[in-house]
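Structure at a glance
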Amino acid sequence: MKINNLNLIKKTLLHPVQIRITGAPEGFDALLLAGLAGEAPGGAGGVEDGGADILFVGRDDRRMARIAEALAFFAPSLERLEFPAWDCLPYDRVSPNGEIVSRRIDTLTRLLEKKDGARRRVILTTVSALLQRVPPRAAFAGASLGVASGGRLDLGSLIDFLLGNGYGRSETVMETGEFAVRGGIIDVFPPGQALPSRLDFFGDEVDAIRVFDPLSQRTSGKAENVIFKPVNEVLLNADAVSRFRSGFRLLFGTAAEHDPLYMAVSEGRKQMGMEHWLPLFHERLETLFDYLPQGAVVILDHQAEEARDARLELIGEYYAARTAISAGGPATADTIYNPLPPERLYLGREQWDGLLVKNPVGRLSPFAAPQGEDSIDAGGRQGRNFADVRVRPGDDVFDALGEHIAEQTKAGRRVIVAALGEGSRERLAAVMNKHGVDAIASVADWAAAERLPAATVALAVVGLERGFTSAALTVISEQDVLGERWRRPARRQVRAEDLITDAASLFEGDLVVHADHGIGRYDGLTAIEVAGAPHDCLRLLYDGGDKLFLPVENI
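My aim in this report is to walk through the structure given alongside it, one point at a time. All values derive from a computational prediction rather than experimental measurement.

**Focus: the sheet that holds strand β11 (residues 219-222)**
Within a sheet, each strand pairs with its neighbour through backbone hydrogen bonds, oriented either parallel or antiparallel. Taken in spatial order, the 6 strands of this open sheet run β6-β7-β8-β9-β10-β11, and their pairing is mixed. Each having just a single partner strand, β6 (168-169) and β11 make up the two edges of the open sheet. As paired elements, strand β10 (residues 205-212) and β11 share 3 bridges and run antiparallel to each other. Along β11, the bridge assignment pairs F212 with T219. Running at roughly 20° to strand β8 (residues 185-188), helix α7 (residues 155-164) makes contact with β6, β7 (178-182), β8 and β9 (197-202) of the sheet.

Structure (structure tokens):
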């Protein structure tokens with residue numbers, strides 16, 4: 001399937017230049033990424049490029065997830081690595097989710113491994129993730145441990161490795177980063193695996209490795225080997241604790257002695273939220289760019305730089321707020337928070353621009369524009385939206401859909417209708433049949449769609465909010481046709497940016513409605529001790545003087 005000017009875009013991006021790639025609406029941008037990686041539908045490739053990796057920088061986690069799903073449909077064999085941002089607020093008291101940290105470390109360690117052949121990989125990340133500095137490559141070099149079935153390994157040495165690399169010991173392994181020991185059997189859930197592993201030891205020999213369901217704890221198959229990687233970006237070894245203590249005292253002086261974080265780390269104990277002082281645990285921090293091979297191509301999402309500016313402004317506001325609170329009066333264990341300067345943990349605008357200028361950069365735009373020296377048209381356009389038909393009395397949106405499909409087929413374009421789930425795909429097929437669209441087939445990926453007769457409509461499960469059209473392909477999304485979704489996907493975790501907006505929009509005395517407890521009055525932010533560490537909460541007042549403390553991340 002032809003992508004306009006694909007070879008020209010690939011040739012241009014062989015050098016450290018910055019170009020605008022127009023005609024790349026959402027959905028089509030995944031097709032373009034597949035083409036740049038030599039995995040374009042229809043075999044479009046062309047230019048020998050040495051297999052340089054591609055870094056896609058999405059506006060937010062939602063965009064990263066959408067493009068990952070679209071790539072899984074258009075180029076299922078393409079190697080994709082995901083590097084999400086922490087899911088907590090800047091300068092928060094809570095730690096990032098362990099599963100997210102594990103995904104980040106899995107991607108960083110895989111980037112350090114020697115790449116197999118000349119095939120390109122696509123690394124998917126977000127503006128927030130790229131802005132944040134990461135542990136240096138030396139922190140993960142040699143930090144992985146491979147275990148093979150039938151191999152020899154001292155069980156005690158394995159336990160020491162796990163404890164030294166951030167794993168937590170538990171009775172039952174349920175989440176990434178946990179391990180449990182029962183005699184000669186050890187259960188471990190390492191990063192990068194969909195399921196945990198169960199290692200059966202016979203003396204010093206690994207007799208068998210099995211994967212198991214963490215909910216039922218039943219094994220579901222065997223594995224030949226397993227790789228254990230660190231599960232935290234902060235490791236509390238002696239060197240890291242010493243560096244932290246020295247750096248903390250240098251920055252905050254005598255205030256360090258009364259800080260619960262300083263005291264906990266000094267004792268070698270984990271403290272909730274300690275990741276926000278990441279620079280103090282390492283000799284220096286690096287960026288995701290340091291992990292990328294030379295010549296990696298950077299593709300910036302539409303409005304990525306606007307998202308960068310908004311994120312940096314947000315970081316500055318939260319740093320200022322923490323600093324003001326620290327300087328505002330007598331400190332208590334609940335209010336002490338010594339924030340690091342933003343430049344220690346985050347890139348600034350100038351640093352962002354300085355890193356980008358070293359790489360080939362393509363900036364995506366969904367809009368068409370005249371082609372020039374710094375602009376190349378990829379040929380995609382936003383698809384037909386049937387909102388006008390839905391609001392006209394007497395018109396049937398599925399009749400209009402059938403007419404549109406006939407027009408696109410007559411113009412020589414293959415048509416794909418993207419449903420949000422299996423159930424909605426079946427309903428769409430039934431309704432389309434009733435309205436005269438007879439040639440329909442369900443497909444799992446683009447390769448299956450390509451094998452269909454040209455006039456057959458492919459029905460696929462792909463999470464596209466809007467469809468698109470190009471010279472040879474028309475994709476129509478379920479939302480284009482119906483507006484409101486028939487089946488809403490499982491609700492994703494609320495973005496940190498949205499939480500910040502919600503908290504900032506509240507004023508003391510405002511009435512709020514809690515999903516479980518009903519109407520209360522907002523009485524300000526406060527810090528309460530949870531698991532031995534202060535935790536930011538909203539204080540809500542109810543009738544009779546009852547109080548509810550709501551963690552900020554649960555807004």
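**A short note on the environment of A429**
Turning to its location among the elements, A429 is positioned in helix α16 (residues 422-434). Residue A429 is classed as buried on the basis of its relative accessible area of 17%. Spatially, the C-alpha atoms of A429 and V457 are 9.9 Å apart, while their sequence positions differ by 28 residues. Not counting residues up to four positions away in its chain, the partners in contact with A429 are I440 and L459.

**What to know about the side chain of D259**
Within the secondary structure, D259 sits in the loop between α8 (238-252) and α9 (260-266). The buried charged residue D259 lacks any salt bridge partner; its closest oppositely charged side chain belongs to R93, at an N-O distance of 7.0 Å. Apart from residues no more than four positions distant in its own chain, D259 is found in contact with F248, I336 and N338.

**Side note on a negative patch on the surface**
The grouping of D396, D399, E403 and E407 at the surface amounts to a negative patch. Residue position: D396 is located in the loop between α14 (387-390) and α15 (397-410).

**Examining the packing of α15 against α16**
The contact between α15 and α16 brings their axes to 9 Å, and the two run at 85°. If you check the angle between α15 and α16, you find them roughly perpendicular. Together, F398, L401 and I405 of α15 and L428, V431 and M432 of α16 make up the contact between the two elements. When its residues are assigned to classes, the contact of α15 with α16 shows 6 nonpolar, no polar and no charged.

**A word on helix α13 (residues 349-356)**
Along α13, the residues that are buried comprise W352, L355 and L356. The arc that holds the buried residues of α13, viewed along the axis, is 100°, so those residues lie on one side.

**Here we look at helix α11 (residues 304-326)**
Here α11 is 23 residues long and its end C-alpha atoms lie 33 Å apart, about the 33 Å a rise of 1.5 Å per residue gives. Buried residues of α11: A304, R308, R311, L312, L314, I315 and R322, and no others.

**Details of the packing of aromatic side chains**
How two aromatic rings sit relative to each other is given by the distance of their centres and the angle of their planes. Tallying each qualifying case throughout the model produces 11 aromatic pairs. Where F28 meets F468, the ring centres are 5.7 Å apart and the plane angle is 75°; that geometry is what we call edge-to-face. With a gap of 440 residues between them, F28 in helix α2 (residues 28-36) and F468 in strand β20 (residues 468-469) connect regions that are remote in the sequence. Just as F28 is buried, F468 falls in that class too. Relative to Y337, the ring of W277 has its centre 4.9 Å away and its plane inclined at 45°; by these criteria the two rings are tilted. Of the two residues, W277 is situated in the loop between α9 and α10 (288-291) and Y337 in the loop between α11 and α12 (342-345); the sequence distance between them amounts to 60 residues. On the accessibility criterion, Y337 (3% relative accessible area) is buried. Connected via pairs of aromatic rings, a cluster forms that spans F28, F73, F74, W446 and F468. Of note, R322 hangs over the ring of Y337, and the distance from its end group to the ring centre comes to 4.1 Å. Across the ring face of F386, the terminal group of R384 is positioned such that the distance to the ring centre comes to 4.5 Å.

**Digging into unusual backbone geometry**
Its identity is not glycine, yet Y91 carries a phi of approximately 60°, on the positive side. The topology assignment puts Y91 in the loop between β3 (79-83) and α4 (98-112). Non-glycine residue Q217 carries a positive phi angle of around 65°. With respect to the helices, strands and loops of the structure, Q217 is situated in the loop between β10 and β11. By relative accessible area, Q217 is classed as partly exposed at 21%.

**Observations concerning the sheet that holds strand β21 (residues 473-477)**
As summarised here, the arrangement of the 6 strands in space is β16-β20-β21-β17-β19-β18, forming an open sheet in which the pairing is mixed. Each edge of the open sheet carries a strand with a single partner, namely β16 (381-382) and β18 (440-442). Judged from the 4 bridges that link them, strand β17 (residues 414-419) and strand β19 (residues 457-461) form a sheet pairing that is parallel. Considered in β19, the bridge of I416 is made with A458.

**A word on the nonpolar core**
L55, F244, F248 and W277 are the most contacted members of the largest nonpolar core, which totals 52 residues. Setting aside residues no more than four positions away along its own chain, F244 makes contact with L261, Y262, V265, W277, L280 and F281. Among the nonpolar cores identified, the runner-up in size contains 48 residues, and F73, L124, L364 and L452 belong to it.

**Quick look at the side chain of R104**
Counting through the fold element by element, R104 comes out in helix α4. Leave out the neighbours within four places in its chain, and R104 touches F83, P84, A85, W86, A129, Q132, V134 and E233.

**Regarding the pattern of salt bridges**
In this structure the tally under the stated criterion is 31 salt bridges. Taking the shortest distance from any N to any O, the salt bridge between R103 and E82 comes out at 2.7 Å. Within this pair, whereas R103 is found in helix α4, its partner E82 is found in strand β3, the two being separated by 21 residues in sequence. Between R308 and D309 there is a salt bridge; the shortest N-O distance is 2.9 Å. Taking relative accessible area as the criterion, R308 reaches 8% and is therefore assigned buried. Exposure remark for D309: the relative accessible area of 27% places this residue in the partly exposed category. By sharing partners, the salt bridges in this structure join E26, D29, R59, R63 and D301 into a single network.

What counts and how
- Within each chain, residue numbers correspond to sequence positions counted from 1 in written order.
- The predicted origin of the model limits local features to residues at a pLDDT of at least 70 and limits the giving and counting of side-chain atom pairs to 80 or more, whereas totals for whole chains, interfaces and linings rest on all residues.
- The side-chain quantities take in all heavy atoms of the structure and omit both hydrogens and water.
- Pairing between strands is defined by DSSP: at least two bridges between the two strands are required.
- A helix here means a DSSP run of H or I that spans at least four residues, while a strand means a run of E at least two residues long, and both kinds are numbered starting from the N terminus.
- In what follows, a contact means two residues having at least one pair of non-hydrogen atoms within 4.5 Å.
- Interaxial angle, 0 to 180 degrees, is taken between N-to-C directions of lines fitted to C-alpha atoms, where a helix line uses only the stretch in contact.
- Summary of the burial criterion: residues with accessible area below 20% of their type's maximum are buried, those above 50% are exposed, and those between are partly exposed, where the area comes from a 1.4 Å probe applied to protein chains only.
- For the purpose of charge, His is not counted, nor are the chain termini; Lys and Arg are scored as positive and Asp and Glu as negative.
- Think of a salt bridge as a Lys or Arg side-chain nitrogen and an Asp or Glu carboxyl oxygen that are within 4 Å of each other.
- For patches, a residue must show more than 30% relative accessible area and have no salt bridge; joins then use 9 Å for like charges and 5 Å for nonpolar side chains, namely Val, Leu, Ile, Met, Phe, Trp and Tyr.
- Note on areas: Shrake-Rupley with a 1.4 Å probe; residue coverage comes only from the protein chains shown.
- Note that the charge is assigned to NZ on lysines, CZ on arginines, CG on aspartates and CD on glutamates.
- Roughly parallel means an angle under 35 degrees; roughly antiparallel, over 145; roughly perpendicular, 65 to 115; everything else is oblique.
- Residues are sorted three ways: Asp, Glu, Lys and Arg are charged, Ala, Val, Leu, Ile, Met, Phe, Trp, Tyr, Cys and Pro are nonpolar, and all the rest, Gly among them, are polar.
- Comment: arc refers to directions from the helix axis out to C-beta atoms.
- For a helix, the expected span equals 1.5 Å multiplied by the residue count minus one.
- Working definition: a ring pair exists when centres of Phe, Tyr or Trp rings (six-membered ring for Trp) sit within 6.5 Å. Plane angles under 30 degrees give stacked, over 60 give edge-to-face, the rest tilted.
- Lysine and arginine charges are scored as sitting over a ring when NZ or CZ, respectively, is within 6 Å of the ring centre and within 35 degrees of the ring normal.
- Remark: nonpolar core denotes a set of buried residues (Ala, Val, Leu, Ile, Met, Phe, Trp, Tyr, Cys) joined through side-chain atoms within 4.5 Å.

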